[in-house]
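# What the coordinates show
As a plain string of letters, each chain reads:
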Amino acid sequence: MPRPPEPPPTGPDTAEHDAVIQRHKRVVLGAAAVTIVVFMAFPILASFTGVLGSVAGGVGAGYAAGLAVILLPLAGAVAYRRWTSRIEDGERR
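Quick summary incoming for the structure in this document.

The rules behind these values
- Residues numbered from 1 in each chain as written.
- Predicted model: local features only at pLDDT ≥ 70, side-chain atom pairs only at ≥ 80, totals over all residues.
- Heavy atoms only, no water.
- 1 Å grid on protein atoms, 1.4 Å probe; cavity = no way out; pocket = protein on both sides within 12 Å on 5 of 7 lines; lining within 4 Å.
- Points joined across faces, edges and corners; volume = space filled by probe spheres on them.
- Helix = DSSP H or I, 4+ residues; strand = E, 2+ residues; numbered from the N terminus.
- Nonpolar A, V, L, I, M, F, W, Y, C, P; charged D, E, K, R; others polar.
- Phe/Tyr/Trp six-rings, centres within 6.5 Å; stacked < 30°, edge-to-face > 60°.
- Buried < 20%, exposed > 50% of the residue type's maximum accessible area, 1.4 Å probe, protein only.
- Axes fitted to C-alpha atoms, helices over the stretch in contact; angles between N-to-C directions.
- Parallel < 35°, antiparallel > 145°, perpendicular 65-115°, else oblique.
- Contact = heavy atoms within 4.5 Å.

Attention now goes to the layout of surface pockets. The calculated volume of the second largest pocket comes to roughly 280 Å³. Taken together, 15 residues line the second largest pocket, and the ones lying closest to its centre are Ala 31, Thr 35, Leu 72, Pro 73 and Gly 76. Elements with a contribution of two residues or more to the lining of the second largest pocket: helix H1 (14-48) and helix H2 (61-88). Examining the composition of the lining of the second largest pocket, we find that eight residues originate from one element, H1, more than from any other. Across the lining of the second largest pocket, the residue classes break down as 13 nonpolar, two polar and no charged.

Encoded structure:
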């Protein structure tokens, strides 16, 4: 069950809370930009170049790159969720 949203902070911790929010925004927007660039590079490389046309050990480079394009954002999402859970639980940042 998801946690209910916390009320906005008041008092001396407001500046720290704002800094944490800004840090999250930087991380999320940076990760989203990297994900879009990498994800869009795959169809461009597969369609217009021969870079992904090679085969190594019976596995095509295009298949390996496609698998990476699918699995790496999932791994990044898991890592991000673990990071935010640590911060929400009050552990060291």
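The rest of the description comes next.
Attention shifts here to the packing of aromatic side chains. Following the criterion strictly, the structure yields one aromatic pair and no others. Ring geometry for Tyr 80 versus Trp 83: centroids 5.8 Å apart, planes at 50 degrees, classification tilted. Of the two residues, Tyr 80 and Trp 83 both sit in helix H2, three residues apart, roughly one turn of that helix. Its relative accessible area of 15% is what places Trp 83 among the buried residues.

For Phe 39, the location among the structural elements is in helix H1. Take Phe 39: its relative accessible area is 46%, and that puts it in the partly exposed class. In this structure, the C-alpha to C-alpha distance between Phe 39 and Ala 65, residues 26 residues apart in sequence, is 9.9 Å.

Once that is clear, we can look at the packing of H1 against H2. Contact geometry for H1 and H2: axes closest at 10 Å, N-to-C directions at 175 degrees. Judged on the interaxial angle alone, H2 and H1 are roughly antiparallel. Mapping the contact onto sequence places Val 20, Arg 23, His 24, Val 27, Val 28, Thr 35, Val 38, Phe 39 and Phe 42 in H1 and Gly 62, Ala 65, Gly 66, Val 69, Pro 73, Tyr 80, Trp 83, Thr 84 and Ile 87 in H2. Its residues assigned to classes, the contact of H1 with H2 shows 12 nonpolar, five polar and one charged.

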